[in-house]
Amino acid sequence: MRLVFAGTPEVAVPALDALLASDRHEVVAVVTRPDAISGRGRKLVASPVAQRAEAAGIEVLKPAKPSDPEFLARLTELAPDCCPVVAYGALIRPGALEIPKHGWVNLHFSLLPAWRGAAPVQHAVLAGDEVTGASTFLIEQGLDSGPVFGILTEEIRPTDTSGELLGRLAQAGSRLLVATMDGIADGALQAVPQPTEGITVAPKINVEDARIEWAHPALRVDRLVRGCAPAPGAWTTFRGERLKLSGPVKLLTDSAELPPGELAVVGKNSVRVGTGSHEIELGEVQPQGKKPMRAADWARGVRIEPGELLGL
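Below, the structure is looked at part by part. All values derive from a computational prediction rather than experimental measurement. (Residues numbered from 1 in each chain as written. Predicted model: local features only at pLDDT ≥ 70, side-chain atom pairs only at ≥ 80, totals over all residues. Heavy atoms only, no water.)

Checked against the element boundaries, Asp144 lands in the loop between strand 8 (131-138) and strand 9 (148-155). In this structure Asp144 is buried but unpaired, with Arg116 as the nearest side chain of opposite charge at 6.7 Å. In this structure Asp144 touches Asn106, His108, Leu112, Arg116, Gly117, Phe137 and Gln194, once residues within four positions along its chain are discounted. (Helix = DSSP H or I, 4+ residues; strand = E, 2+ residues; numbered from the N terminus. Buried < 20%, exposed > 50% of the residue type's maximum accessible area, 1.4 Å probe, protein only. Lys, Arg positive; Asp, Glu negative; His and termini not counted. Salt bridge = Lys/Arg side-chain N within 4 Å of Asp/Glu carboxyl O. Contact = heavy atoms within 4.5 Å.)

Below is the structure:
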């Protein structure tokens, strides 16, 4: 089939690479979000998908909105059979949905209808799910509600961060997306409506959502830290400044002496914090305006006083 691929962040690049490597399909163009300001130099930078497409010599389209008349005209000229989508980041309206013969097919990183929305992997970790996966489905006007072509499953490991889990899903999902394109091309694959039960929603996690409440149980704190890594990053405050927990914590189920939020340095390498249940041991932390560092190194630098609290 002739394909126009839509995607923006790094997580979409494996799927684009897999489609480019397929000998059954031709990627004739890529649709991505417009260049965005990034880095300390505050310069406009093309998306990872745009950079990969340009390196491969493929036409790149960057409409402000996929409903822009100029974009719709060019998409019509390209005459794609199908538009595979991975984390594009903009709503596809009916005018664009109707152009490809086989529609727009999205690779979504959950087992639909669970975790529809912008942050399915983060919410799966936050909820303590043991299994997640990826789904390919036909885009319609509802939020990730279209009929499903195929799925794969992936175990969520006890120490997984969202970034680690998403990395595995991006690789496995790229193969699922190619298989879906193959099945559509052969006429052998039919999309099946999603169940009406088991629907959960996964809105974007913002910075305030990532703030740690030390009165919560240790398991919930652990899930928040892992679920918000690498972005937006779980955080608390120390002496009036923000302190990000940039690495997973360790649950200390045999220790519950510290009150919620209280810090203690144990030996040379262990920095512990009390929660609503058991204590946790900090991994890496990132003080405001500084690079991530081991919690023990940070504690030596700030000279924690007895009884000092996080989160005031």
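Having seen the model, we can carry on.
With that settled, the discussion passes to the packing of aromatic side chains. Counted under the stated rule, the structure contains 1 aromatic pair. With centroids separated by 5.0 Å and ring planes inclined at 75 degrees, the aromatic side chains of Phe238 and Trp298 adopt a geometry described as edge-to-face. Here Phe238 is found in strand 10 (residues 235-238), whereas its partner Trp298 is found in helix 8 (residues 295-302), with 60 residues between them in sequence. Judged by its relative accessible area of 7%, Phe238 is buried. (Phe/Tyr/Trp six-rings, centres within 6.5 Å; stacked < 30°, edge-to-face > 60°.)

On to the sheet that holds strand 11 (residues 241-245). Spatially, 10-11-16-17 is the arrangement adopted by the 4 strands of the open sheet, whose pairing is antiparallel. The outermost strands of the open sheet, each flanked by one partner alone, are strand 10 and strand 17 (293-294). Note that strand 11 and strand 16 (residues 284-287) share 3 bridges and pair antiparallel. In the sheet register, Lys244 faces strand 16, and the bridge partner there is Gln286. (Pairing = 2+ DSSP bridges.)

Looking now at the state of the cysteines. Counting across every chain of the model gives 0 disulfides. Looking at Cys82, it has no disulfide partner, and the nearest cysteine sulfur is the one in Cys83, 6.5 Å off. Look at Cys82 and you get buried, because its relative accessible area is 0%. (Disulfide = S-S within 2.5 Å.)

In this structure, Phe5, Leu19, Val30, Val86, Phe109, Leu177 and Met181 are the most contacted members of the largest nonpolar core, which totals 37 residues. Residue assignment for this core shows that the elements contributing at least two residues are strand 1 (2-7), helix 1 (13-21), strand 2 (26-31), helix 2 (48-55), strand 7 (104-108), helix 5 (120-126), strand 9 and helix 6 (162-186). Among the elements that take part in this core, helix 6 stands out by supplying 9 residues, more than any other. Core analysis: the next-biggest nonpolar cluster, separate from the first, contains 27 residues, Ala234, Trp235, Val273 and Leu282 among them. (Core = buried A, V, L, I, M, F, W, Y, C linked by side-chain atoms within 4.5 Å.)

Let us look at the pairing of strand 13 (residues 263-266). Along any regular strand the residues' side chains alternate between the sheet's two faces. As paired strands, strand 13 and strand 14 (residues 270-273) are joined by 4 bridges and run antiparallel to one another. Bridged to Val265 within strand 14 is Val271.

Applying the stated criterion across every chain, the model contains 14 salt bridges. The shortest N-O distance in the salt bridge between Arg24 and Asp182 comes to 4.0 Å. Placement of the pair is Arg24 in the loop between helix 1 and strand 2 and Asp182 in helix 6, with a sequence separation of 158 residues. With a closest N to O distance of 2.8 Å, Glu59 and Arg74 form a salt bridge. With a gap of 15 residues between them, Glu59 in strand 5 (residues 59-61) and Arg74 in helix 3 (residues 69-78) connect regions that are remote in the sequence. Among the residues examined, Glu59 registers a relative accessible area of 29% and is labelled partly exposed. Judged by its relative accessible area of 28%, Arg74 is partly exposed. Shared partners join several salt bridges into a network, and the residues in it are Arg24, Asp182 and Asp186.

Another point: the layout of surface pockets. Here the largest pocket is characterised by a volume of approximately 1200 Å³. What lines the largest pocket is a set of 46 residues, among which Ala87, Tyr88, Gly89, Gly117 and Ala118 lie closest to the centre. Every element with two or more residues in the lining of the largest pocket is listed here: strand 7, helix 5 and helix 6. Its residues assigned to classes, the lining of the largest pocket comprises 29 nonpolar, 12 polar and 5 charged. (1 Å grid on protein atoms, 1.4 Å probe; cavity = no way out; pocket = protein on both sides within 12 Å on 5 of 7 lines; lining within 4 Å. Points joined across faces, edges and corners; volume = space filled by probe spheres on them. Nonpolar A, V, L, I, M, F, W, Y, C, P; charged D, E, K, R; others polar.)

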